[in-house]
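Residue-level listing of the chains:
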Amino acid sequence: MKSAWVLSGAMFSSYLGISILAPVLPPLMRELGLSELQGGLILTGSSIMWVIFSPWWGRRSDVSGRKPVILLGLGGYALGVLGFALVTQAGLDGVIASATVTWLLLVGARLIVGMLFSAAGPAAQAYIADVSAGRQRVSAMGILSASNGLATILGPALAALVVGLGLAAPILLSAITPLFGMLLVWRLLPAVPAKLKRGQRAPALRITDPRLLPLLLIGFFVMSGLSVTQFTIGFLFQDRLGLDGVETARLVGLAVMASGVALLFAQMVLIQVFRLTPLTLLRLGIPLMLIALIVLTPAADFAAMTLALVLMGLAVGMVMPGFRTAITFAVEPHEQGAAAGLANSVPGYSFIFGPPLGTALYGVNAGSPYLLAALFVVAAFAILALHTRERAVQPAT
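Heads up: these notes are all about the structure in this document. Since the structure is predicted, the reported quantities are computational estimates derived from the model, not experimental observations. (Residues numbered from 1 in each chain as written. Predicted model: local features only at pLDDT ≥ 70, side-chain atom pairs only at ≥ 80, totals over all residues. Heavy atoms only, no water.)

A few words now on a nonpolar patch on the surface. Judged by side-chain polarity, Leu82, Leu86, Leu172, Ile176, Leu179 and Phe180 come together as a nonpolar surface patch covering roughly 560 Å² of accessible area. Elements with a minimum of two residues in the nonpolar patch: helix H4 (66–93) and helix H8 (169–188). For the nonpolar patch, the leading source of residues is H8, giving 4 residues. Along the chain, the position of Leu172 falls in helix H8. Among the residues examined, Leu172 registers a relative accessible area of 40% and is labelled partly exposed. (Patch = residues over 30% accessible without salt bridge, like charges linked within 9 Å, V, L, I, M, F, W, Y side chains within 5 Å. Areas by Shrake-Rupley, 256 points an atom, 1.4 Å probe, with all protein chains shown as cover. Salt bridge = Lys/Arg side-chain N within 4 Å of Asp/Glu carboxyl O. Helix = DSSP H or I, 4+ residues; strand = E, 2+ residues; numbered from the N terminus. Buried < 20%, exposed > 50% of the residue type's maximum accessible area, 1.4 Å probe, protein only.)

Right, here's the structure in full:
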């Protein structure tokens, strides 16, 4: 289990950087003279690279070993975000006079992030599958997934502490934190032998593989519902509560932190104490996410909207470890890297299509994005009920 804690700490160092960036990017885009669409396209480009390269890095870890690929992913994140910080500061200082040139350089930096950081997640998931078995694997995957929840809680607070030094300061901090993750992996994570011998080709699993397709679709629909919600929730808070920009950022930050606490509780308490199986996690989490969206759609006050986000945090905290662990039980040991690459590409697909769909629908009706998200979640539960073969995705008892 020590390896799971080391990997969780390493991934936390990068997820922390992502959550530090989240509250800073909207005002930063406006300071640089960029539109909301341009800001969104910066993130979309990163997601596209994530989708393309996650499967490739997963297969590469089967041949080259997990540890080198994890180190490369963390280092790549630091490099890409450092470039993003330098371009940002140059744009703010007027060194780059053209907003278009600034935008193109920022897109380029995020492409590097997406291309290289997509190595870390698949290799970390495959490492857990290599060194654990049965219900211990579910617990270890919960610990690994908890890194995201903890980062969601602490990131906005760290951003608030350093933003007084300038809008680029939180971004620079985001480039530094993964270096601590690299140190953790380098010093404390034991290397495990590569699953394939040098010269052997890594298995090229397809999305349509019948062992994986139902699970991948479940992950896609759940993450699409989440992405639709995440990219519109700030608008919902501001419009329904009649807030200005600063107050919106403060209250959304509080609600998101509460959601992060719930997510962390699911992964560090519910999963660890009750030793829930992957299918049980999916069967509990997906309906809970639907309940959260039903609460959110008509919510008209801060308490109701925060309650909905807390329920969603609990739901996602169960669904994502369940999804990722079920993937590991569905394939053979020498296929773990390839399967992890496909699993880690799922959020990328969701965040390519979800945000534009959600924001377009929000412009028509404020409640419609959450109805769409609810339809996604219903589709996920239908696939779970109809197509998932229980024996293929459950740990040995």
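Here the narrative resumes.
The next thing to look at is the pattern of salt bridges. This model, assessed by the stated rule, comprises 4 salt bridges. Of the charged contacts, one joins Asp62 and Arg66 as a salt bridge, the two residues approaching to 2.8 Å between their closest N and O atoms. Take Asp62 and Arg66: they sit in the same class, and that class is buried. A salt bridge links Arg211 to Glu335, with the shortest nitrogen-to-oxygen separation between them at 2.9 Å. Here Glu335 lies in the loop between helix H13 (302–330) and helix H14 (336–364) and Arg211 lies in the loop between H8 and helix H9 (213–230), a separation of 124 residues in the sequence.

Among the nonpolar cores identified, the biggest contains 67 residues, and Leu212, Phe237, Leu282, Ile286, Met289, Phe323 and Ile327 are the most heavily contacted of them. The set of elements that each furnish at least two residues to this core consists of H9, helix H10 (233–241), helix H11 (245–274), helix H12 (278–296), H13, H14 and helix H15 (368–387). Broken down by element, this core gets its largest block of residues, 16 residues, from H13. Excluding residues within four positions of it along the chain, Phe323 makes contact with Leu215, Leu216, Gly219, Leu282, Ala343 and Val346. Counting residues in each nonpolar core, the second largest holds 52 residues, with Phe12, Leu21, Leu74 and Ala123 among its members. (Core = buried A, V, L, I, M, F, W, Y, C linked by side-chain atoms within 4.5 Å. Contact = heavy atoms within 4.5 Å.)

Another aspect to go through is the packing of aromatic side chains. Think of a pair of aromatic rings as described by two things: how far the centres are apart, and how the planes are tilted against each other in angle. Counted by the stated rule, this structure contains 8 aromatic pairs. Considering the side-chain rings of Phe235 and Tyr362, the 5.8 Å spacing of their centres and the 35 degrees angle between planes classify their relative orientation as tilted. Taken together, the residues span a long stretch of sequence, with Phe235 in helix H10 and Tyr362 in helix H14 at a distance of 127 residues. Of the residues examined, Phe235 reaches a relative accessible area of 42% and is grouped as partly exposed. Aromatic rings pair up to connect Tyr15, Trp50, Tyr77 and Phe117 into one cluster. The ring of Phe84 has Arg110 lying over it, and the distance from NZ or CZ to the ring centre is 5.9 Å. Over the ring of Trp186 we find Arg187, and its NZ or CZ is 5.5 Å from the ring centre. (Phe/Tyr/Trp six-rings, centres within 6.5 Å; stacked < 30°, edge-to-face > 60°. Lys NZ or Arg CZ within 6 Å of the ring centre and 35° of its normal.)

Honestly, it's all geometry; don't read function into it.
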